[in-house]
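Residue strings, one per chain:
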Amino acid sequence: MTTRTPPDSTTSAYPRRWLALALLGAAQFMLILDVTVVAIALPQMEADLALSRESLTWVVAAYTVAFGGLMLLGGRSADLFGAKRIVYIGLLTFVAGSLAAGFADTGTVLLAGRIAQGIGAAMLSPAALSVVVRLFEGDERNRALGIWSALGGGGASVGVLLGGLISAGPGWPWVFFINVPVGAAVLIGLLRVLPPLPPQPGARARLDVLGAILVTGATGLAIYALTVAGEIGWTASRTLIIAGIAVALYLAFGWWQKTTRSPLMDLSLLGRRPVLS
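Please read these numbers as outputs of a predicted model, since none were measured by experiment.

**Let's talk about the overall build of the protein**
1) Next: A tally of helices and strands in the protein yields 12 helices and zero strands.
2) Next: In sequence order, the protein lays out its α and β elements as α-α-α-α-α-α-α-α-α-α-α-α.
3) Next: In terms of C-alpha radius of gyration, the protein reaches 20 Å, essentially the compact-globule figure of 19 Å for 277 residues.
4) Next: Expressed along its principal axes, the backbone C-alpha trace of the protein runs to roughly 70 × 50 × 30 Å.
5) Next: Going through the 277 residues of the protein one by one, you find that 45% of them count as buried.
6) Next: Taking as baseline every contact in the protein between residues at least 6 positions apart, the subset at least 24 positions apart corresponds to 80%.

**Considerations on helix H10 (residues 209-232)**
Because each turn of an α-helix spans 3.6 residues, side chains separated by three or four positions end up pointing in the same direction.
1) Next: For H10, with 24 residues, the first-to-last C-alpha span of 34 Å sits near the 34 Å given by 1.5 Å per residue.
2) Next: Every buried residue belonging to H10 is among Gly211, Ala212, Leu214, Val215, Thr216, Ala218, Gly220, Tyr224, Ala225, Thr227, Val228 and Ala229, and all of these are buried.
3) Next: Looking at the residues trailing H10, positive phi occurs at Gly233, about 105 degrees.

**Structural notes on helix H1 (residues 17-36)**
1) Next: For H1, built from 20 residues, the straight-helix expectation of 28 Å at 1.5 Å per residue is met to within 8% by its first-to-last C-alpha distance of 29 Å.
2) Next: Most of H1 sits inside the fold, with 14 of its 20 residues counted as buried.

**Focus: a nonpolar patch on the surface**
1) Next: On the surface, Val209, Leu210 and Ile213 cluster together to form a nonpolar patch covering roughly 270 Å² of accessible area.
2) Next: You can see Ile213 is positioned in helix H10.
3) Next: Residue Ile213 is classed as exposed on the basis of its relative accessible area, which comes to 55%.

**Section: the packing of helix H4 (residues 71-81) against helix H5 (residues 83-102)**
1) Next: H5 packs onto H4 with a crossing angle of 135 degrees between their chain directions and a minimal axis gap of 7 Å. Taken together, the axes of H4 and H5 lie oblique to each other. On H5, the residues that touch Gly74, Ser77, Ala78 and Phe81 of H4 are Ala83, Arg85 and Ile86.
2) Next: Taken together, the residues that form the contact of H4 with H5 break down as four nonpolar, two polar and one charged.

**Comments concerning the packing of aromatic side chains**
1) Next: Within this structure, the stated rule accounts for eight aromatic pairs.
2) Next: For the pair Trp58 and Tyr224, a centre-to-centre distance of 6.5 Å together with 35 degrees between the ring planes defines the contact as tilted. Note that Trp58 is positioned in helix H3 (residues 53-69) and Tyr224 in helix H10, a separation of 166 residues in sequence. By the burial criterion, Trp58 is buried, and Tyr224 matches it.
3) Next: Clustering of aromatic rings is evident, with ring pairs tying together Tyr63, Phe67 and Phe94.

**Focus: the confidence of the model for the protein**
Low-pLDDT stretches of the model should not have their predicted coordinates read in fine detail.
1) Next: Taken over all residues, the pLDDT of the protein has a mean of 84, while the share at 70 or more is 93%.
2) Next: Across the protein, the element-wise mean pLDDT spans from 75 in helix H12 (residues 273-276) up to 94 in H5.
3) Next: Note on residues 1-11: pLDDT under 50 across the span, and 15 contacts to partners over four residues away in sequence or across chains.

**Examining the nonpolar core**
1) Next: Ranked by internal contacts, the top residues of the largest apolar core, which has 37 residues, are Leu24, Val87, Val131 and Leu190.
2) Next: Listed by contribution, the elements that provide at least two residues to this core are H1, H3, H5, helix H6 (107-135), helix H7 (138-168) and helix H9 (179-193).
3) Next: Not counting residues up to four positions away in its chain, the partners in contact with Val87 are Leu24, Leu124, Ala127, Ala128, Val131 and Leu190.

**A look at the side chain of Arg114**
1) Next: Along the chain, Arg114 turns up in helix H6.
2) Next: Only 3.0 Å separates the side chain of Arg114 from the side chain of Gln117, close enough to count as a polar contact.
3) Next: The residues contacting Arg114, other than those within four sequence positions of it, are Asp34, Val38, Val59, Val60, Ala62, Tyr63 and Phe176.

Reading the values: rules and limits
- Residues numbered from 1 in each chain as written.
- Predicted model: local features only at pLDDT ≥ 70, side-chain atom pairs only at ≥ 80, totals over all residues.
- Heavy atoms only, no water.
- Helix = DSSP H or I, 4+ residues; strand = E, 2+ residues; numbered from the N terminus.
- Rg over C-alpha atoms; globule rule 2.2 N^0.38 Å.
- Buried < 20%, exposed > 50% of the residue type's maximum accessible area, 1.4 Å probe, protein only.
- Contact = heavy atoms within 4.5 Å.
- Expected span 1.5 Å × (residues − 1).
- Patch = residues over 30% accessible without salt bridge, like charges linked within 9 Å, V, L, I, M, F, W, Y side chains within 5 Å.
- Areas by Shrake-Rupley, 256 points an atom, 1.4 Å probe, with all protein chains shown as cover.
- Salt bridge = Lys/Arg side-chain N within 4 Å of Asp/Glu carboxyl O.
- Axes fitted to C-alpha atoms, helices over the stretch in contact; angles between N-to-C directions.
- Parallel < 35°, antiparallel > 145°, perpendicular 65-115°, else oblique.
- Nonpolar A, V, L, I, M, F, W, Y, C, P; charged D, E, K, R; others polar.
- Phe/Tyr/Trp six-rings, centres within 6.5 Å; stacked < 30°, edge-to-face > 60°.
- pLDDT = per-residue confidence, 0-100.
- Core = buried A, V, L, I, M, F, W, Y, C linked by side-chain atoms within 4.5 Å.
- Polar contact = N/O pair within 3.5 Å; in protein donor to acceptor, adjacent residues only side chain to side chain.

So this is what it looks like as structure tokens:
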């Protein structure tokens, strides 16, 4: 008579870990693909929704700012509330944002959908990686992480090609609608495959929401400064003021991480050579 041990046990590995990796990898591939898949469809969006140049830039930037700026908060949420739960919430949020963006009839709705996609991705990506780390051990973990890393470059490359094919076929809304069946299939598979994964022991008691607001606001303003600079010049007062505020927010984020009891990020990690590279 045998018993199944949990994936965190050192005595055995979870038997369906590679299937779980395939499903989580498909989700991660979808998130990275969505950074570039809209690039080829931008002219169609501009014509159909009468988007300005600035709004068109934010169709891409709104997703990447929310995704990158809130990723630290998403990772901390996975530690506190359980990676499995955050994976599901993030996936559902991403799919809902995709639906909103696909049905958008104005630039405002489109940008709102893109922001929702970014928020979902910021929860899903670090939580999914946390699940992968917990399901694998030793050399298998290194192989799994290698596969995970390769998904980034692959998703970015395929996104450009897929965006062109979709734009030439069913039209730009389908660069978002395609996420719905893929997300549903991944969700159904994960519900059947993932084992119980309780929150990590010793996790900090609260989320650093202020830190997330500071770093996300700084990133958003930095990108906005670059966008404005292309229109009014690099030395224009508006460009310099916005860039200055972004730098100030980054500095405030660094100060806050050193003083708060539950920092979003351990800044000492940036001094390690592999991390810096």
